[in-house]
Amino acid sequence: MVIASLQSKSPAADLFDEFDVAAATDITGFVLPGHLVEMLRPANLAAVLDWDKLRLLPGARELLAEGLQSTLAPANRHLEQEIDDGPALNLLSEYGILFDPQTCGGLLVGVSDGRAMAVLPRLQEIGYQAELVGHTME
């Protein structure tokens, strides 16, 4: 689950205590794939993401279309080896955003399938733009 938000993460952290959240991280310079790999690798898990559920900040798509990216984005491209569908996703105009660290600190949260649908509306109630963006698999 990713919480795309420009607000404090403290209320979300308080809520996570109620839902047995397995892990949570602020998505920053190591970008979504980097943080996801760090969360999943110790448990020998993989993830399937729903590309359509990943939110972009306003203007990100247009800047990417102009070929603009941060200076750290090329260094994050080493994470492509971790993405099974990289060649297919590379055809999408937004693919490059996965490697650009200018994410404004959304949260990546690991919560069990049984609790994900319960925590999601609670996050939305307290003002977060939360989405279920994928699931893990072995």
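So, a few notes on the structure that sits alongside this text. (Residues numbered from 1 in each chain as written. Predicted model: local features only at pLDDT ≥ 70, side-chain atom pairs only at ≥ 80, totals over all residues. Heavy atoms only, no water.)

**Re the packing of aromatic side chains**
Now for step 1: Under the defined criterion, the tally for this structure stands at 1 aromatic pair.
Now for step 2: Plain terms: the ring middles of Tyr95 and Phe99 are 5.3 Å apart, the flat faces sit at 75° to each other, and that makes the pair edge-to-face.
Now for step 3: Take Phe99: its relative accessible area is 0%, and that puts it in the buried class. (Phe/Tyr/Trp six-rings, centres within 6.5 Å; stacked < 30°, edge-to-face > 60°. Buried < 20%, exposed > 50% of the residue type's maximum accessible area, 1.4 Å probe, protein only.)

**A look at the environment of Arg122**
Now for step 1: Here Arg122 shows up in helix H6 (residues 113–125).
Now for step 2: Relative accessible area serves as the criterion here: at 29%, Arg122 is assigned to the partly exposed category.
Now for step 3: Apart from residues no more than four positions distant in its own chain, Arg122 is found in contact with Leu15, Glu18 and Phe19. (Helix = DSSP H or I, 4+ residues; strand = E, 2+ residues; numbered from the N terminus. Contact = heavy atoms within 4.5 Å.)

**A look at unusual backbone geometry**
Now for step 1: Residues other than glycine seldom take positive phi values, yet Asp20 does so here, at roughly 50°.
Now for step 2: With respect to the helices and strands, Asp20 occurs in the loop between helix H1 (10–16) and strand S2 (23–26).
Now for step 3: A relative accessible area of 57% places Asp20 in the exposed class.
Now for step 4: Within the chain, Asn44 stands out as a residue other than glycine whose phi angle is a positive 55°.
Now for step 5: Residue placement: Asn44 occurs in the loop between helix H2 (31–40) and strand S3 (46–49).

**Quick notes on H6**
Now for step 1: Approximately 25° is the largest bend angle found in H6, and it occurs at Val119, with the proline Pro121 only one to four residues beyond.
Now for step 2: Positive phi appears at Gly127, one or two residues downstream of H6, with a value of about 100°. (Bend = angle between axes of the 7 residues up to and from the residue.)

**With respect to the pattern of salt bridges**
Now for step 1: For the coordinates displayed, the defined rule picks out 4 salt bridges.
Now for step 2: The salt bridge involving Glu82 is made with Arg41; its shortest N-O contact spans 2.8 Å. One end of the pair, Glu82, is in the loop between helix H4 (73–76) and helix H5 (86–89); the other, Arg41, is in the loop between H2 and S3, and 41 residues separate them in sequence.
Now for step 3: In this structure, the salt-bridge partner of Glu131 is Lys53, at a minimum N-O distance of 3.9 Å. Of the two residues, Glu131 is situated in strand S5 (residues 129–131) and Lys53 in the loop between S3 and helix H3 (60–65); the sequence distance between them amounts to 78 residues.
Now for step 4: On the basis of relative accessibility, which here comes to 35%, the residue Lys53 falls in the partly exposed class. (Salt bridge = Lys/Arg side-chain N within 4 Å of Asp/Glu carboxyl O.)

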